[in-house]
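A look at the structure
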Amino acid sequence: MESRRSFLKTSGLAGMFLILGLSKKAQSNMNSTTPEQFHFKDDGNIPNSKHPLLLYRDAFEGRKDKGATWLEKHFKENNWYNSWRWGIFPYHHYHSTSHEVLGCFQGSALLHVGGKNGEKVKIEAGDIVVIPAGVGHKCISHSSDFTVVGAYPNGSSYDLMRA
């Protein structure tokens, strides 16, 4: 556990867009380039991170399969791969060895981010969430069609840590 906490404290990110690895061209293709930022401290169960969770609202236009395909392609072009399509676990969890990006391509959900003392945030189709390693997240409720594409920097493997 100490080595994971050490990784979380030292895994520096040089700027907001570097978290997602977006080039200037990719940034200009996004509808929203100024993300909402959420900062969380270690609560004893969830380590969280010195880096903010980023929420880009209405960041892309495609929906359903077209949106999912766009996300997979866009993420991979920026070295975020090992992607999957699914929902978000309904319990507090985090990834201690990798950052994660989630692109919602259909439906909506209410997420609880930052652990039990964190914040509740609604996301919907078109939104992209960048979750730094260590930041807790879970799905509280969702529409019946809610689905995201998830990916990891450089296709890194990830672990699943529960609070």
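Quantities reported herein were computed from a predicted structural model and do not represent experimental measurements.

Taking burial as the measure, the 8 residues of strand E2 (residues 49–56) include 7 buried ones, the bulk of the element. As judged from the 4 bridges shared by strand E1 (residues 36–40) and E2, these two strands associate in the antiparallel manner. Residue Gln 37 lies in a different strand from E2, and its bridge partner there is Leu 54. As defined by bridge partners, E2 adjoins strand E8 (residues 128–131) across 3 bridges and the pair is classed as antiparallel. For Leu 54, the partnering residue across the bridge sits in E8 and is Val 130.

A few words on unusual backbone geometry. Here the phi dihedral of Asn 79 falls at roughly 65°; this positive angle occurs in a residue that is not glycine. Secondary-structure assignment places Asn 79 in the loop between helix H4 (64–77) and strand E3 (80–86). Assessed through its relative accessible area of 42%, Asn 79 is described here as partly exposed. A positive phi angle, near 60°, is found at Asn 82, a position not held by glycine. Relative to the helices and strands, Asn 82 is located in strand E3. According to the relative accessible area criterion, Asn 82 is partly exposed, its value standing at 37%.

Checked against the element boundaries, Ser 141 lands in strand E9 (residues 137–142). Residues Ser 141 and Lys 122, spaced 19 residues apart in sequence, show a C-alpha to C-alpha distance of 9.5 Å. What Ser 141 contacts, discounting residues up to four positions off in sequence, is Ala 109 and Leu 110.

This part takes up H4. The end-to-end C-alpha distance of H4 is 20 Å, a good match for the 20 Å that 14 residues give at a rise of 1.5 Å each. Residues of H4 that are buried include every one of Gly 67, Ala 68, Leu 71, His 74 and Phe 75, and no others. Buried residues of H4, seen end-on, are gathered within an arc of 135° and therefore sit on one face of the element. Within H4, the exposed residues directed more than 90 degrees away from the buried face are Asp 65, Lys 66, Lys 73, Lys 76 and Glu 77. Asn 79 sits one or two residues past H4 and shows a positive phi near 65°.

About the criteria used
Residues numbered from 1 in each chain as written. Predicted model: local features only at pLDDT ≥ 70, side-chain atom pairs only at ≥ 80, totals over all residues. Heavy atoms only, no water. Buried < 20%, exposed > 50% of the residue type's maximum accessible area, 1.4 Å probe, protein only. Helix = DSSP H or I, 4+ residues; strand = E, 2+ residues; numbered from the N terminus. Pairing = 2+ DSSP bridges. Contact = heavy atoms within 4.5 Å. Expected span 1.5 Å × (residues − 1). Arc of directions from axis to C-beta.

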